[in-house]
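Architecture at a glance
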Amino acid sequence: MTMPSKKWTGALLAGAVAALSLTGCTTSASPEGSSSGGASGPAGSTVAFLMPDTGSTRYELHDRPGFESKLKELCPDCKPLYNNADSSVDKQQQQFNSAIAQGAKVIVLDPVDSAAAVSLVNSAQSQGVKVIAYDRPIPDAKVDFYVSFDNEGIGKAIGDSLVKKVKEGSVPSGGGLLLVNGSPTDAAAGLIKKGVHEAVDSSGVSVLAEYDTIDWKPENAQKWVAGQISRFGADKIAGVVAANDGTGGGTIAAFKSAGGSVPPVSGNDATVAGLQLIIAGDQYNTISKPSEIVGGAAAQAAVDLLSGKAPETTGDVFGSPTKLFTPTLVTQDNLKSEIVDKGITPASELCTSEYAAACAKLSIQ
């Protein structure tokens, strides 16, 4: 299995889908560059789009619309088949088998459990069905294509940013960081974790403890962080590298429940809730990765595979042909320009009554 090495610099944060520097790989293009010539798939082909959970609103609000819109553009007669597994491995297996039974020729799969998905990939490919791993890789299976934002780079970016912020202050004697990782069954979470450690391990700031958040649930993160506050004391925790906005939100809730101040906390996904926490000054950073981009790229890859073409790649991950996009780090400093001004999330959604005053201070309106 091969893994791309990631080098994130300040220049990398300039664009939402700027080229990614990968050792041994070519660079990814802008979202417009994800098209490989507008191939048309066979009329009437069914393409399944199977997502892992409803814990995040992104799948319904962004990934699915991006995928279905691009599929309709490229292959008007193709039939999209959407299902969400609600974090259930068994339910996803049923949905996967049902998609094959309904004649799907390509299945775009964001696995609930990356290890459990291996048997699904093998079963599909033995029946001539192509599999595109989406967002979360499937390390122990060679899928026909993998498309995602650069998860290892995401971990490095949020870790570097958080460490820099912590070092601007003073780390208390005997103090350090907490690392709140994603789900242990999600291979993408493993890549984010790897990137975080790349940033933190050489930073000179100690790691007090870390936790893999079961099912990415914010309440699990909150409970664990609350335990660490009791264990170390809030004043010893200089910052928290949380793997997404949900675990970041759970972390912030734990500190607020403890009655102390909230240290710098990272996030990822640029959810409305996460962005509002940044606006309020409770969360330090997040990652903007418009899911419509990877949804559209998955549709392009599906149509290419249906047409017998090799999708455009940036290299390979875990031995599978891959296309990675580079997202953008967001803090208060660039939230308006990267999120509001680019139309990713309108001010009307962010600046509700609770956050109106904070929005005004950042000139978000």
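Residues numbered from 1 in each chain as written. Predicted model: local features only at pLDDT ≥ 70, side-chain atom pairs only at ≥ 80, totals over all residues. Heavy atoms only, no water.

With that out of the way, let us pick up the pairing of strand β3 (residues 104–109). Within β3, five of the six residues are buried, which leaves it mostly tucked inside the rest of the structure. In this sheet, β3 lies alongside strand β1 (residues 46–51) in parallel orientation, the contact comprising five bridges. When the bridges of β3 are listed, Val-47 appears paired with Val-106. When β3 meets strand β4 (residues 130–134), the two strands line up parallel, connected through four bridges. Residue pairing for β4: Val-106 is matched across the bridge by Lys-130. Taken together, β3, helix α3 (residues 117–126) and β4 form a β-α-β motif whose crossover is right-handed. (Buried < 20%, exposed > 50% of the residue type's maximum accessible area, 1.4 Å probe, protein only. Helix = DSSP H or I, 4+ residues; strand = E, 2+ residues; numbered from the N terminus. Pairing = 2+ DSSP bridges. Right-handed = clockwise from strand over helix to strand, strands pointing away.)

Throughout the structure, instances matching the rule amount to four cavities of 30 Å³ or more. Roughly 70 Å³ of volume is contained in the largest cavity. Forming the walls of the largest cavity are Pro-52, Asp-53, Ser-87, Val-112, Arg-136, Ser-183, Thr-185, Asp-215 and Trp-216. Classifying every residue of the lining of the largest cavity by side-chain character gives three nonpolar, three polar and three charged. (1 Å grid on protein atoms, 1.4 Å probe; cavity = no way out; pocket = protein on both sides within 12 Å on 5 of 7 lines; lining within 4 Å. Points joined across faces, edges and corners; volume = space filled by probe spheres on them. Nonpolar A, V, L, I, M, F, W, Y, C, P; charged D, E, K, R; others polar.)

Distances and angles like these do not, on their own, reveal function.
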